[in-house]
Structures are given as structure tokens and as C-alpha cells.
Amino acid sequence: MSLVDRQSITLLEWLEELAHDSDSEVVNADTWAIRNGVPEPELRSLVHSLVGGGFLKDLVIDQGCWVSLAPAGIAELQVIQARRTNRPERNAYARNVILRWLYEHEEERVRSLAEMINDPQVHFYGDALTSDETARAFSYLREQTMVRARTAFGGDVLAPRITARGIACVESGKTVADFTNPQHNGGNVYNTYLPNAQGVVVGEQQNFTQNNNAGIDPSAFIRLAGYLGQVSATLGLEDSERIELERAAQELHAAATSSSPEPGRLQALTSRIVGGLTNAAGTIAGQIALQMGQDALGSLG
């Protein structure tokens with residue numbers, strides 16, 4: 001389970017910050033609810049959901065909503081914070097969300113992109129988009145003739161609108177990338193570029209670039225392999241287990257960075273890695289790796 005709800009992420013981050021500042025693991029979530037205008041029934045429902053997902057420990061509800069972060073919650077925050085710095089993923093999200101948002105507000109008079117930025121439903125793992133990145137994303141969409149707008153003095157985008165081509169993209173159910181790059185040989189063409197990849201990808205290369213038409217985005221598998229290469233010694237595994245895990249990570253890296261990644265091979269190697277992480281689930285690094293492995297498997301559909 002991976003969190004995408006903004007309120008859930010905001011609450012976990014607030015708990016983490018308060019626990020760090022006060023050196024107390026137990027925090028009254030009622031304070032957060034009051035500050036954010038969240039009604040008590042909604043807070044109870046939110047906490048119940050987070051406890052059910054294993055992200056929070058539910059301590060006391062009768063005299064205040066006292067909770068503490070569970071290890072899975074801490075691990076989830078680390079994954080979220082890492083994803084927020086993934087520029088290609090952020091750029092893709094900005095392009096897709098602009099198009100969907102304009103489609104949903106097509107009958108309204110949208111004055112500027114600031115209206116979208118201020119929409120609480122628009123966020124990247126709880127992080128609001130900036131005016132600069134939305135402007136870049138809109139410029140890209142305009143080059144693809146998916147949107148139109150007036151440009152004010154100073155470059156501000158005014159009266160943004162979605163075009164017929166943009167509507168076709170949204171109604172097709174495809175992402176902007178899939179819509180603008182038609183399928184070849186039965187799959188999408190994926191252009192994967194990981195800058196400064198030393199320590200992220202197993203090996204010594206500084207940058208990694210791959211173009212494949214196998215219909216697979218290998219980036220999640222590459223990052224999983226690279227992460228294991230960094231943390232394998234901290235997982236508390238026996239030497240034989242660690243060596244086997246590192247071998248599987250290296251094989252996964254080789255399979256994911258090949259010119260034509262095979263879904264079955266990626267699935268088998270990742271499943272092998274997830275199984276090998278069972279004894280590392282008690283560490284934060286192990287929980288992060290498990291989540292990355294599950295997300296990678298989920299990307300295969």
C-alpha cells in the first residue's frame with residue numbers, strides 16, 4: 001500500500017516533525033485537526049485508515065486522539081520524500097494533471113494556472129506544484145497542441161484552455177507520454193534517463209540512458225536494484241542471504257537495463273528479491289526496499 005492522499009501524507013509529516021522536535025513518539029492528532037480545520041469524525045476516519053494500513057499506532061481515542069508513527073509510516077515518508085525529488089516523475093505528473101484539470105474545468109472560466117496550483121486535490125505526494133514547474137509543463141503541452149492560452153507581459157499564462165487534441169488524450173485514458181509516443185512493436189517506447197546514477201544504479205556509470213520498445217518502463221526496477229546495492233549491508237541479513245540478495249539485484253539491474261527488458265524476467269527477479277527481504281522487514285531500509293519491490297511488480301500490471 002502506498003499513500004497518495006494529501007491529508008494522510010500531511011498528517012504523517014506533521015507527526016514526524018512534532019515527534020522529532022519534542023522527543024516524544026506519542027502525539028495528539030487533535031491538534032493537527034484543529035489547525036487544519038478537519039472535523040473530528042473525519043480525523044477519526046483518517047486515523048483509522050492509517051492504523052489499518054500499518055502506518056500509525058492507535059494508542060488512545062477516548063481522551064484525545066493520541067497516536068504514534070509505526071515503522072511502516074516512517075518508511076513510507078522516506079519513500080515519499082525521495083519520490084518528490086524525482087524530476088522526470090514530477091514533470092510527467094505536472095503535464096498530466098494540467099491536462100486533466102483543464103478538462104474537468106472546461107466549462108468554467110479559468111483565469112490562470114494559479115487556480116490549479118491552489119486546488120488541494122492537485123499535489124505530488126502531498127507537495128504542491130510550483131508556478132515554475134507548471135509553467136514548464138504548460139509550455140510542453142502547448143508545443144504538443146494540447147492546450148492554448150494568452151501570454152501576459154512577463155510570461156504569465158492567462159485563460160488556459162484545453163484543445164481538441166488534449167481532450168482526445170484525456171478521453172483515451174492514456175498519459176501525455178503514451179498519447180504523444182504511439183506504440184511500436186506491441187509496446188510503448190520508453191526513454192529512461194537517470195542522471196548522476198552512481199550509487200543509484202548498480203555499477204560505476206555516472207549517467208544511464210535507455211530507449212526500449214518492449215512496452216516496459218524499467219525505471220522502478222533499476223532504482224530497486226540500485227537501492228539494494230547501497231543498503232544491503234545494513235539489512236541485518238546473514239552473509240549467505242546478503243550475497244544472494246546482492247546477486248539478484250545485479251541480475252535485475254542487468255535485465256532492466258538491457259535493450260529489450262523481458263517482463264517475465266523482471267517479475268521473477270523482483271519476486272525473488274521481495275522474498276529475500278522477508279528477514280529484513282524489521283529494518284527501515286528493508287521496509288523501503290520491500291515497498292519499492294511491490295511498486296515495481298505493480299508497474300507490470
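Residues numbered from 1 in each chain as written. Predicted model: local features only at pLDDT ≥ 70, side-chain atom pairs only at ≥ 80, totals over all residues. Heavy atoms only, no water.

**Student:** Before we move on, could you go through the overall build of the protein and cite the residues and values that matter?
**Tutor:** The helix and strand inventory of the protein stands at 13 helices and seven strands. Burial status across the protein gives 41% buried among its 301 residues. If you take every contact in the protein between residues at least 6 apart in sequence, the share linking residues at least 24 apart comes to 59%. Accessible area of the protein: about 15800 Å², with a carbon and sulfur share of 49%. (Helix = DSSP H or I, 4+ residues; strand = E, 2+ residues; numbered from the N terminus. Buried < 20%, exposed > 50% of the residue type's maximum accessible area, 1.4 Å probe, protein only. Contact = heavy atoms within 4.5 Å. Areas by Shrake-Rupley, 256 points an atom, 1.4 Å probe, with all protein chains shown as cover.)

**Student:** Report on the environment of A285, specifying residues and quantitative values.
**Tutor:** Considering the arrangement of structural elements, one finds A285 in helix α13 (residues 284-298). Ignoring anything within four residues of it in the chain, the contact list for A285 reads Y227, V231, T234 and L235.

**Student:** How would you explain the pattern of salt bridges if you had to name every residue and give the values?
**Tutor:** If the charged atoms of two oppositely charged side chains come close together, the side chains can form a pair. Overall, the coordinates contain 12 salt bridges when judged by the stated rule. In this structure, the salt-bridge partner of R265 is E251, at a minimum N-O distance of 3.4 Å. Of this pair, R265 sits in helix α12 (residues 263-276) while E251 sits in helix α11 (residues 239-256), placing them 14 residues apart in sequence. Under the relative-accessibility criterion, R265 is labelled partly exposed at 38%. (Salt bridge = Lys/Arg side-chain N within 4 Å of Asp/Glu carboxyl O.)

**Student:** Could you give an account of the confidence of the model for the protein, with specific residues and numbers?
**Tutor:** Considering every residue of the protein, the mean pLDDT works out to 80; 83% of them sit at 70 or more. Under a pLDDT of 50 for its full length, residues 184-210 has, in the predicted model, 71 contacts with residues more than four places off or in other chains. (pLDDT = per-residue confidence, 0-100.)

**Student:** Hey, could you go over unusual backbone geometry for me, with residue numbers and the actual values?
**Tutor:** Here Y125, not a glycine, exhibits a phi torsion of approximately 50 degrees, which is positive. Mapped onto the fold, Y125 is located in the loop between α6 (114-117) and α7 (131-143). Using a relative accessible area of 16% as the deciding quantity, one classes Y125 as buried. Despite not being glycine, T145 has its phi angle at roughly 55 degrees, a positive value. Examined against the element boundaries, T145 turns out to sit in the loop between α7 and β4 (147-151).

**Student:** Account for the side chain of T270, with residues named and values stated.
**Tutor:** Relative to the assigned elements, T270 resides in helix α12. Looking at T270, its side chain comes within polar contact range of the main-chain oxygen of L266, at 2.7 Å. Residues contacting T270, with those up to four places away along its chain left out, are F221, L224, L252, G293, A296 and L297. (Polar contact = N/O pair within 3.5 Å; in protein donor to acceptor, adjacent residues only side chain to side chain.)

**Student:** Can you explain the packing of α11 against α12? Please cite residues and give values.
**Tutor:** Angle between the axes and distance between the axes: these two values describe a pair of packed helices. The contact between α11 and α12 brings their axes to 9 Å, and the two run at 155 degrees. Judged by the inter-axis angle, α11 sits roughly antiparallel to α12. The crossing of α11 and α12 is left-handed. Between α11 and α12, the residues in contact are E244, L245, R247, A248, A249, E251, L252, A255 and A256 and R265, L266, L269, T270, R272, I273 and G276, respectively. Grouping the constituent residues of the contact of α11 with α12 by class yields nine nonpolar, two polar and five charged. (Axes fitted to C-alpha atoms, helices over the stretch in contact; angles between N-to-C directions. Parallel < 35°, antiparallel > 145°, perpendicular 65-115°, else oblique. Left-handed = near helix turned anticlockwise from the far one by under 90°. Nonpolar A, V, L, I, M, F, W, Y, C, P; charged D, E, K, R; others polar.)

**Student:** Can you tell me about helix α4 (residues 71-84), naming the residues and giving the values?
**Tutor:** End to end, α4 covers 20 Å across 14 residues, agreeing with the expected 20 Å (1.5 Å per residue, within 8%). Restricting attention to buried positions, one finds in α4 the residues G73, A75, E76, L77, V79, I80, R83 and R84. (Expected span 1.5 Å × (residues − 1).)

**Student:** Which residues make up the nonpolar core, and what values go with them?
**Tutor:** Within the largest apolar cluster, 29 residues are counted, with the highest numbers of intra-cluster contacts made by Y227, L228, L235, L245, L252, I273 and L277. At seven residues, the largest contribution of residues to this core is made by helix α10 (residues 219-231). Leave out the neighbours within four places in its chain, and L252 touches F221, L224, A225, L266, L269, T270 and I273. Residues L113, F124, V147 and V176 belong to the second largest nonpolar core, which totals 26 residues. (Core = buried A, V, L, I, M, F, W, Y, C linked by side-chain atoms within 4.5 Å.)

**Student:** An account of the environment of T234 is needed here, citing residue identities and associated values.
**Tutor:** Within the element layout of this structure, T234 appears in the loop between α10 and α11. Placed 46 residues apart in sequence, T234 and A280 show a C-alpha to C-alpha distance of 9.1 Å. Residues in contact with T234, not counting those within four places in the same chain, are T283 and A285. Side-chain polar atoms of T234 contact the backbone oxygen of V231, separated by 2.8 Å.

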